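Letter by letter, the chains look like this.
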Amino acid sequence: MKEYKIVFTGSPGAGKTTAIQAISDSTALSTDVANSDASLDKAMTTVGMDFGVISLEGGERVRLFGTPGQSRFDFMWTILAKDAMGIVFLVDNSRPAPLEDLGLYLDGFGAHLGTAACVVGVGRTDTNSQPDLDAYASLLHSRSLLFPVVAADVRRRDDVQMLVELLLVQMEGMETPA
């Protein structure tokens, strides 16, 4: 049975836990605790990881790992990214500097950008249209990166499935023939 490992990362509140819960075949594991960071407008925050699994046709499985968003837990980013075949960068477009947020995570996962399939899912574009998706694509281009940038509501299973499917298509193209 073939297994894939996909990591969801992004700023606090971008929807990593929600995305994994939306798509996981069973109840997702979460290490959320009461938030003690006054700068974050949320009651709970991930301090370890989130984990879920989805089964694909043909018996293949996708293991889903969500990173903590706070940079003080960046040591977990490295641990969770090890052997990842795909990375979903989630961005909350309602944050004060979402392009800078994406840049922080691109830097944090820089060692994996050449070996893992990647996609950027931008949330809250319905209520915060700027920056637009082209601005994210331009940021990637300025770093010589090319991967999909799409609007996504992580509360919607279909949107999260789309992000995973975009990664799986890229992974298929990255596999070397036997």
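The structure contained in this document is the topic of the report that follows. (Residues numbered from 1 in each chain as written. Predicted model: local features only at pLDDT ≥ 70, side-chain atom pairs only at ≥ 80, totals over all residues. Heavy atoms only, no water.)

Observations regarding the overall build of the protein chain
Right, so step 1: Within the protein chain, the secondary structure is distributed over five helices and seven strands.
Right, so step 2: The N-to-C order of helical and strand elements in the protein chain reads β-α-β-β-β-α-β-α-β-α-β-α.
Right, so step 3: Within the span of the protein chain, comprising 178 residues, buried residues form 47% of the whole.
Right, so step 4: Pairs at least 24 apart in sequence give 69% of the contacts found in the protein chain among residues at least 6 apart. (Helix = DSSP H or I, 4+ residues; strand = E, 2+ residues; numbered from the N terminus. Buried < 20%, exposed > 50% of the residue type's maximum accessible area, 1.4 Å probe, protein only. Contact = heavy atoms within 4.5 Å.)

Some points on the packing of aromatic side chains
In this description, a pair of aromatic rings is defined by centroid distance and the angle of the planes.
Right, so step 1: Counting across every chain of the model gives five aromatic pairs.
Right, so step 2: Here the aromatic rings of F51 and F65 are separated by 5.0 Å at their centres, their planes lie at 55°, and the arrangement is tilted. You can see F51 sitting in strand β3 (residues 44–55) and its partner F65 sitting in strand β4 (residues 61–66), a full 14 residues away along the chain.
Right, so step 3: Pairing W77 with F109 gives two aromatic rings, centres 5.8 Å apart and planes at 20°, and the pair type is stacked. With W77 in helix α2 (residues 74–81) and F109 in the loop between α3 (98–108) and β6 (117–123), the pair connects residues that are 32 residues apart, well separated along the chain. Here W77 and F109 have matching classes, each one buried.
Right, so step 4: Each member of the aromatic cluster is reached from another via a ring pair, and the members are W77, F89, Y105, F109 and F147.
Right, so step 5: We note K5 situated over the ring of F65; from NZ or CZ to the ring centre the distance is 4.9 Å. (Phe/Tyr/Trp six-rings, centres within 6.5 Å; stacked < 30°, edge-to-face > 60°. Lys NZ or Arg CZ within 6 Å of the ring centre and 35° of its normal.)

Some points on unusual backbone geometry
Right, so step 1: At the junction of Q130 and P131, the peptide bond is cis and its omega measures out at 0° in the coordinates.
Right, so step 2: For P131, the location among the structural elements is in the loop between β6 and α4 (133–142).
Right, so step 3: Positive phi is not limited to glycine here, since D83 has a value of about 65°.
Right, so step 4: Tracing the backbone through its elements, the reader meets D83 in the loop between α2 and β5 (86–92).
Right, so step 5: Take D83: its relative accessible area is 59%, and that puts it in the exposed class.
Right, so step 6: Notably, S144 is not glycine yet its phi reads approximately 60°, a positive angle.
Right, so step 7: Relative to the assigned elements, S144 resides in the loop between α4 and β7 (149–151).

Some remarks on the pairing of β5
Right, so step 1: Summarising burial for β5: seven of the seven residues are buried, a large majority.
Right, so step 2: Side-chain alternation along β5 places G86, V88, L90 and D92 on one buried face and I87, F89 and V91 on a second face that is also buried.
Right, so step 3: Judged from the five bridges that link them, strand β1 (residues 3–10) and β5 form a sheet pairing that is parallel. Of the residues in β5, the one forming a bridge with V7 is I87.
Right, so step 4: Each parallel crossover has a hand, and the one from β5 via α3 to β6 is right-handed. (Pairing = 2+ DSSP bridges. Right-handed = clockwise from strand over helix to strand, strands pointing away.)

Section: the environment of V7
Right, so step 1: If you trace the backbone, V7 turns up in strand β1.
Right, so step 2: Spatially, the C-alpha atom of V7 lies 5.9 Å from that of L64, the residues being 57 residues apart in sequence.
Right, so step 3: Residues contacting V7, with those up to four places away along its chain left out, are F65, T67, L80, A81, A84, G86, I87, V88 and F109.

Some thoughts on α3
Right, so step 1: For α3, every residue scored as buried is listed here: P98, D101, L102, G103, Y105 and L106.
Right, so step 2: Tucked into the core, α3 has its buried residues touching β1, α2, β5, β6 and α4.

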